[in-house]
Amino acid sequence: MRKIKALAAITAVIAMMFTTVAFAAPSPVAGVVTVTVPGKGGQASAATIKQPTEKELKSLADYITANALATGMVPTVKASVTIVAPADYKGGDIPTVLAAAGLKDGAKNVFAYILLPNGKKVIVPCTVKNGYVGFIAPAFGSVSIVELNPASAAATAANATTAPTAAAPAKLH
């Protein structure tokens with residue numbers, strides 16, 4: 001009788017796993033970046049994106065760190081992508097929207113750090129709504145979406161999550 005009850009419970013759990021719908025915030029990994037290319041009549045289209053190279057990521061990370069230190073803020077990178085310019089792109093500002101989970105609607109402390117193809121770096125303020133970040137890029141390039149918070153708030157949050165607890169064993173099973 002115990003085996004039948006256990007089998008019924010396992011079957012119910014498996015059935016619930018397949019019938020439960022999970023909703024999650026949009027993910028930048030999904031590869032959705034919408035841009036409005038200048039000269040295309042204002043129509044938004046999906047852009048081609050790729051993962052930034054190690055060199056691009058290092059350049060952006062160094063710039064983000066230097067900027068955050070200079071302003072006394074603590075940066076949190078939410079997404080990094082390289083947006084590839086379409087063949088018919090002739091230049092101009094590009095309204096860009098990309099998914100970046102974990103940001104509050106209306107957050108004023110979110111910025112796009114952009115590494116342009118010529119090596120120049122630009123910081124652009126972002127608008128956050130429903131898990132999406134919008135900004136106006138001066139050109140296509142590698143982009144890191146960064147949330148900047150005051151150093152004192154970050155220290156308080158770190159202390160709150162590292163409250164004293166019982167000693168953990170050195171080796172887990």
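Residues numbered from 1 in each chain as written. Predicted model: local features only at pLDDT ≥ 70, side-chain atom pairs only at ≥ 80, totals over all residues. Heavy atoms only, no water.

## Section: the sheet that holds strand β7 (residues 121-125)
Step number 1: In space, the 5 strands of this open sheet follow the order β3-β4-β10-β6-β7, with antiparallel pairing throughout. Each of the sheet's edge strands pairs with one partner strand only, and the pair in question is β3 (48-50) and β7. In this sheet, adjacent strand axes meet at a mean angle of 30° when their direction is disregarded.
Step number 2: Examined bridge by bridge, strand β4 (residues 73-84) and strand β10 (residues 142-150) share 9 bridges and lie antiparallel to one another. Its bridge partner being in β10, Val81 is matched across the sheet by Val143. (Pairing = 2+ DSSP bridges. Helix = DSSP H or I, 4+ residues; strand = E, 2+ residues; numbered from the N terminus. Axes fitted to C-alpha atoms, helices over the stretch in contact; angles between N-to-C directions.)

## Re the environment of Phe140
Step number 1: As for its placement among the helices and strands, Phe140 is situated in the loop between β9 (132-137) and β10.
Step number 2: Using a relative accessible area of 6% as the deciding quantity, one classes Phe140 as buried.
Step number 3: A sequence separation of 26 residues divides Phe140 from Ile114, and the C-alpha atoms of the two residues are 8.4 Å apart. (Buried < 20%, exposed > 50% of the residue type's maximum accessible area, 1.4 Å probe, protein only.)

## Quick notes on the confidence of the model for the protein chain
Step number 1: Mean pLDDT over the protein chain: 76, with 65% of residues reaching 70 or higher.
Step number 2: In the predicted structure, residues 18-30 sits below a pLDDT of 50 and forms 13 contacts with residues beyond four places in sequence or in another chain.
Step number 3: Low pLDDT, under 50, characterises residues 158-169; the stretch is placed with 0 contacts to residues that sit more than four places away or in other chains. (pLDDT = per-residue confidence, 0-100. Contact = heavy atoms within 4.5 Å.)

## Concerning the side chain of Thr82
Step number 1: Looking at the element boundaries, Thr82 is found in strand β4.
Step number 2: Here the side chain of Thr82 touches Glu56 through a polar contact of 3.3 Å, side chain to side chain.
Step number 3: Residues contacting Thr82, with those up to four places away along its chain left out, are Thr48, Ile49, Lys50, Gln51, Pro52, Glu56, Gly141 and Ser142. (Polar contact = N/O pair within 3.5 Å; in protein donor to acceptor, adjacent residues only side chain to side chain.)

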